[in-house]
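Residues per chain are reported as follows:
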Amino acid sequence: MRSTPPSHRPFAAGAPGSPGSPAHAGRPGDAGSFVRGGLPARLARVAQMLARLPGVGEKTAQRYALFFATTADEATARELGTELVTLREHVRPCERCNHIAEVGEDGRARCAICLDTRRDGTLLCIVARVQDLLAIERSGAMRGRYFVLGRLLSPLEGVGAEDLPLEALRSRLQDPGEPIREVLVATPPSVDGEATALLLAREMGAMGIQVSRIASGVPHGGDLEFADQVTLGRAIEGRKSFG
């Protein structure tokens, strides 16, 4: 059998000087420091980190990375970097409701909703996530206070009642400075959301507090033809007088 001439012999995997070898990848400026598509390795790492963000895919992350590397002025990139570095130092959960808050000069974190004296302090809305709170706020229909659980009861994922901030919720409900008249449970209409709502109703019912649940039905502008059975059933059960 003829042996392959040295000049035409393919690189062995991991061999020195081969495209996949550490020595080849570590030399700035040579082909090993570039990844698929010809991007520099440093730029590719930034794109990979951006792709970890929720809702950001590989192509979008690459566009963002290219924007900061080629289009955005240096001051913008540096300002964003500085803000990201210091974000966790100055922003943390509100100590009263778990919403996002900025740390004050006294070292305490209180969100704008908890500090708003125009709010109805007797109505407390319980949500699963900060995103849910923001969605309700955009509706303008809720003028009370909030409490963010941070997660939902989910036995399949190993999340039990002991993993929910029930003790902090009890302390909030028993605050003599702002007694709660009604609790609105606004967890999502999912299996985990319903299980969490039932748990909360049982906990707060024992405290003698009125508990209500957000309605669930056909969305505005939606067609009944495409609504699922659970949604239609709840829409009928929650019907109100009309006319």
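Residues numbered from 1 in each chain as written. Predicted model: local features only at pLDDT ≥ 70, side-chain atom pairs only at ≥ 80, totals over all residues. Heavy atoms only, no water.

(A) Inspection of the overall build of the chain at higher detail. Secondary structure assignment for the chain yields nine helices and six strands. Across the 243 residues in the chain, those meeting the buried criterion constitute 29%. Partitioning the intrachain contacts of the chain with sequence separation of at least 6 by distance along the chain shows that 44% fall at a separation of at least 24. Per element, the accessible surface of the chain, about 16,800 Å² overall, is 57% carbon and sulfur. (Helix = DSSP H or I, 4+ residues; strand = E, 2+ residues; numbered from the N terminus. Buried < 20%, exposed > 50% of the residue type's maximum accessible area, 1.4 Å probe, protein only. Contact = heavy atoms within 4.5 Å. Areas by Shrake-Rupley, 256 points an atom, 1.4 Å probe, with all protein chains shown as cover.)

(B) Quick look at the pairing of strand β5 (residues 182-185). Alternating residues of β5 divide into Glu182 and Leu184 and Val183 and Val185, and every residue in both groups is buried. For strand β3 (residues 120-127) and β5, the ladder comprises four bridges, and the chain directions are parallel. Opposite Ile126, over in β5, you have Val185 as the bridge partner. Judged from the four bridges that link them, β5 and strand β6 (residues 210-213) form a sheet pairing that is parallel. By the bridge assignment for β6, Leu184 is matched with Ser212. This β-α-β element, β5 to helix α8 (residues 191-205) to β6, shows right-handed connectivity. (Pairing = 2+ DSSP bridges. Right-handed = clockwise from strand over helix to strand, strands pointing away.)

(C) Here's a closer look at a nonpolar patch on the surface. A cluster of nonpolar side chains, Leu80, Leu84 and Leu87, forms an exposed patch at the surface whose accessible area comes to about 270 Å². One can find Leu84 in helix α4 (residues 74-90). Its relative accessible area of 55% is what places Leu84 among the exposed residues. (Patch = residues over 30% accessible without salt bridge, like charges linked within 9 Å, V, L, I, M, F, W, Y side chains within 5 Å. Salt bridge = Lys/Arg side-chain N within 4 Å of Asp/Glu carboxyl O.)

(D) Quick peek at the pattern of salt bridges. This model, assessed by the stated rule, comprises 17 salt bridges. Residue Glu95 is joined to Arg108 by a salt bridge in which the shortest nitrogen-to-oxygen separation is 2.4 Å. Here Glu95 is found in the loop between β1 (91-93) and β2 (100-102), whereas its partner Arg108 is found in the loop between β2 and α5 (112-115), with 13 residues between them in sequence. Residue class for Arg108 comes out partly exposed when judged on its relative accessible area of 40%. Where Glu137 meets Arg119, a salt bridge forms, and the shortest distance between an N and an O atom there is 2.6 Å. Residue Glu137 is found in helix α6 (residues 130-139), and its partner Arg119 is found in the loop between α5 and β3; the two are separated by 18 residues along the sequence. On the accessibility criterion, Glu137 (24% relative accessible area) is partly exposed. For Arg119, a relative accessible area of 9% corresponds to the buried category. One network of salt bridges, in which partners are shared, links Arg96, Arg145, Arg172, Asp175 and Glu178.

(E) Here's a closer look at the packing of helix α7 (residues 166-173) against α8. Two elements in contact, α7 and α8, have axes whose closest approach is 12 Å; the angle formed by their N-to-C orientations is 45 degrees. Judged on the interaxial angle alone, α8 and α7 are oblique. For the element pair α7 and α8, the recorded crossing hand is right-handed. Facing Leu166, Leu169, Arg170 and Leu173 of α7, the residues of α8 in contact are Leu199, Leu200, Glu203 and Met204. The residue makeup of the contact of α7 with α8, split by class, is six nonpolar, no polar and two charged. (Axes fitted to C-alpha atoms, helices over the stretch in contact; angles between N-to-C directions. Parallel < 35°, antiparallel > 145°, perpendicular 65-115°, else oblique. Left-handed = near helix turned anticlockwise from the far one by under 90°. Nonpolar A, V, L, I, M, F, W, Y, C, P; charged D, E, K, R; others polar.)

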